[in-house]
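Analysis of the macromolecular model
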Amino acid sequence: MKRYFITLLLLFVTSLLFAQSAQPTEMADAFRSQGKIYVVIATIAIIFVGLAIYLVMIDRRLRKIEKDN
Amino acid sequence: MKIIYQWWWKVLTLVLIFYTLFAGMLFRVPALPILHETIRNLYFHVPMWMAMLTSLVISVVFSLMYLTTGKPEYDLASVESVKTGIMFFVLGLITGMMWAKYTWGAYWSNDPKQNSAAIAFLLYCAYLVLRNSVDEEQKRAKISAIYNVFAFPVMLVLIFVLPRLTDSLHPGNGGNPAFGRYDLDSHMRVVLYPAFLGWSLLSVWIASLRYRMALQEYKKNTL
């Protein structure tokens, strides 16, 4: 009887272990609903637009130099 | 070579990267342990290596063209592509170290992938040293072209083959599944592939600007 009891107990422990791993992985889901991620995206977008404009300006300036030579 | 003076693909470059900045941050990603939201780094870290590969492939093509024709313009194009590739190499290494800190526990864990990448980086640093150590122009162009043609496959083996043969923390190596398994739902593909193309095109754009500047300098010096 005791042996069966221990077996059942151990089975229960393993089920607990499975329950642990079945927990959903934590993701930053609230970040989007709070709207804060959009601030970060806006910052990144501003930086990239700035770099893009800079790159285009370099290209145009180089074009002018090429034309003059 | 006419294409480097055209605008349409430069606009495409900017549109693609701009799209991935938004899509990469907002679109749904698989929820995975350890990685959590850092899986979005895939959209920014891996394209650095794609951009590096693109400019290094272009440099090898120009090296071969130089060796067959002997035109100095091809030598310039090859060198400037390598320099752009090295820039993206550094960005890839640093972003990889950053990501490793929060998923593997340390910036540098002497992982085969990291060590191989570092060796490949030195390989290309040696290219620049070798090139600057030769004074005579034609000899310099020829030696560096040959070195570049041989360095490229060695770099490929170091970064993309050897780490796969041993155990590595990096995805895609040693029984460790690549991200290909996770993006099967194609939610990640719609961001990852445009990012590959966008950043590769950006590296071509930067390399083309460097080449055009080098060409002007070259013309000025030979007058």
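Looking up chain B in an unreviewed UniProt entry gives the name Heme exporter protein C, with the organism given as Mucilaginibacter yixingensis. Recorded in UniProt under Function (unreviewed entry), the annotation for chain B is "Required for the export of heme to the periplasm for the biogenesis of c-type cytochromes." What the UniProt record of chain B gives under Subcellular location (unreviewed entry) is the line "Membrane".

Some remarks on unusual backbone geometry
All names here are of chain B. Phi is positive for His 36, which is not a glycine, with a value near 50°. On the secondary structure map, His 36 appears in the loop between α1 (8–26) and α2 (42–69). By C-beta crowding, His 36 is classed as partly exposed, having 16 other C-beta atoms within 10 Å.

Some points on the UniProt feature "domain: Cytochrome c assembly protein" (unreviewed entry) in chain B
UniProt marks residues 40–162 of chain B with the feature "domain: Cytochrome c assembly protein" (unreviewed entry), using the numbering shown here. In this annotation, residues 40–162 of chain B is assigned 87% helix and 0% strand; the end-to-end C-alpha distance for the span is 26 Å.

Here's the deal with the packing of α2 of chain B against helix α3 (residues 72–103) of chain B
Residues and elements named next belong to chain B. In the contact formed by α2 and α3, the axes pass within 7 Å of each other and the chain directions differ by 160°. Our classification of the angle between α2 and α3 gives roughly antiparallel. Classified by chirality, the crossing of α3 by α2 is left-handed. Residue composition of the contact of α2 with α3, grouped by class: 17 nonpolar, 12 polar and one charged.

Calculation rules
Residues numbered from 1 in each chain as written. Chains lettered and ligands numbered in written order. Predicted model: local features only at pLDDT ≥ 70, side-chain atom pairs only at ≥ 80, totals over all residues. UniProt positions renumbered as here; feature names shortened; annotations may be inferred. Helix = DSSP H or I, 4+ residues; strand = E, 2+ residues; numbered from the N terminus. Buried ≥ 20, exposed ≤ 12 C-beta atoms within 10 Å, placed from the backbone. Axes fitted to C-alpha atoms, helices over the stretch in contact; angles between N-to-C directions. Parallel < 35°, antiparallel > 145°, perpendicular 65-115°, else oblique. Left-handed = near helix turned anticlockwise from the far one by under 90°. Nonpolar A, V, L, I, M, F, W, Y, C, P; charged D, E, K, R; others polar.

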